[in-house]
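# Report on the structure
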Amino acid sequence: MLKKLKRHVSLLLVASFCLLNFNVPKAQAEMVGTDTVIAVQQADNQRTQVADFMAREDVKTIMTQNGVDPVEAQQRVDSLSNDEIAKIASSIDQLPAGGDGIGVIVGAAVLIFIVLLITDILGFTHVFSFVTPQR
């Protein structure tokens, strides 16, 4: 009985291995354009610029005074898209040298508020008690 079972199982295994597809897909490679490389480099530079701005002690102090947790703000900035980072980085560039960054901080706070509000409305988070989620 056991010998018959072994024979049937081994035939089944041989048949199933024969039916397997051992095709290995070919790797897809193509040239990367200069524009793509420059765009990625610019996005990295802008993220670094905004991160450096957020890491400054005077910015952290002002955020804390306004009731914004610097760690949470940094996490929210990290989750922004490249277009949003580009807008923030360009506004940092437009500030006068030695000027205050209050406008940028207020803008960043408003942007973070709007992102939190939208995620609350969509039901992904529950930050504000006055928002009724759509779900």
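Conventions used here
- Residues numbered from 1 in each chain as written.
- Predicted model: local features only at pLDDT ≥ 70, side-chain atom pairs only at ≥ 80, totals over all residues.
- Heavy atoms only, no water.
- Helix = DSSP H or I, 4+ residues; strand = E, 2+ residues; numbered from the N terminus.
- Buried < 20%, exposed > 50% of the residue type's maximum accessible area, 1.4 Å probe, protein only.
- Contact = heavy atoms within 4.5 Å.
- Areas by Shrake-Rupley, 256 points an atom, 1.4 Å probe, with all protein chains shown as cover.
- Lys, Arg positive; Asp, Glu negative; His and termini not counted.
- Charge placed at Lys NZ, Arg CZ, Asp CG, Glu CD.
- Salt bridge = Lys/Arg side-chain N within 4 Å of Asp/Glu carboxyl O.
- Core = buried A, V, L, I, M, F, W, Y, C linked by side-chain atoms within 4.5 Å.
- Axes fitted to C-alpha atoms, helices over the stretch in contact; angles between N-to-C directions.
- Parallel < 35°, antiparallel > 145°, perpendicular 65-115°, else oblique.
- Nonpolar A, V, L, I, M, F, W, Y, C, P; charged D, E, K, R; others polar.
- Arc of directions from axis to C-beta.
- pLDDT = per-residue confidence, 0-100.

### A few points about the overall build of the protein
Each helix and strand in the protein was counted, giving six helices and zero strands. What you see in the protein, going N to C, is helices and strands ordered as α-α-α-α-α-α. Viewed in the frame of its principal axes, the protein has a C-alpha envelope of about 85 × 45 × 30 Å. Classification of the 135 residues of the protein by burial places 18% in the buried group. Intrachain contacts of the protein at a sequence separation of at least 6 include 45% that bridge at least 24 residues. Summing over all exposed atoms, the protein offers an accessible surface of approximately 10600 Å²; the carbon and sulfur share of this is 62%. Taking the 11 positively charged and 14 negatively charged side chains of the protein as two groups, their mean positions are separated by 30 Å.

### Details of the pattern of salt bridges
Taken as a whole and judged by the stated rule, the model has one salt bridge. Taking the shortest distance from any N to any O, the salt bridge between D58 and R56 comes out at 2.7 Å. Here D58 falls in the partly exposed class, since its relative accessible area comes to 40%. Given a relative accessible area of 37%, R56 falls into the partly exposed group.

### Focus on the nonpolar core
In terms of nonpolar packing, the biggest core is built from 18 residues, with V50, F53, M54, M63, V77 and I92 touching the most fellow members. Among all residues touching M54, those that are not within four sequence positions of it are V59, K60, M63, A73, Q74 and V77.

### Things to note about the packing of helix α2 (residues 34–55) against helix α3 (residues 57–65)
A packed helix pair is summarised by two numbers, namely the angle formed by the two axes and the spacing between the axes. One can describe the packing of α2 onto α3 by two numbers: an axis separation of 5 Å at closest approach and a directional angle of 65 degrees. Considered as vectors, α2 and α3 are oriented roughly perpendicular to each other. Contacts from F53, M54 and A55 in α2 reach E57, V59, K60 and M63 in α3. Tallied by class, the residues present in the contact of α2 with α3 amount to five nonpolar, no polar and two charged.

### Brief notes about helix α4 (residues 70–78)
Three- or four-residue spacings in an α-helix give side chains the same orientation, since the helix completes a turn every 3.6 residues. By the burial criterion, the buried members of α4 are P70, A73 and V77. Seen from one end, α4 has its buried residues packed into an arc of 60 degrees, which puts them on one side. Opposite its buried face, α4 presents the exposed residues V71 and Q75, each directed more than 90 degrees away.

### Looking at the confidence of the model for the protein
On average, residues of the protein score 82 in pLDDT, and 93% of them reach the 70 mark or higher. When pLDDT is averaged over each helix and strand of the protein, the minimum, 83, is found for helix α1 (residues 2–19) and the maximum, 89, for α2.

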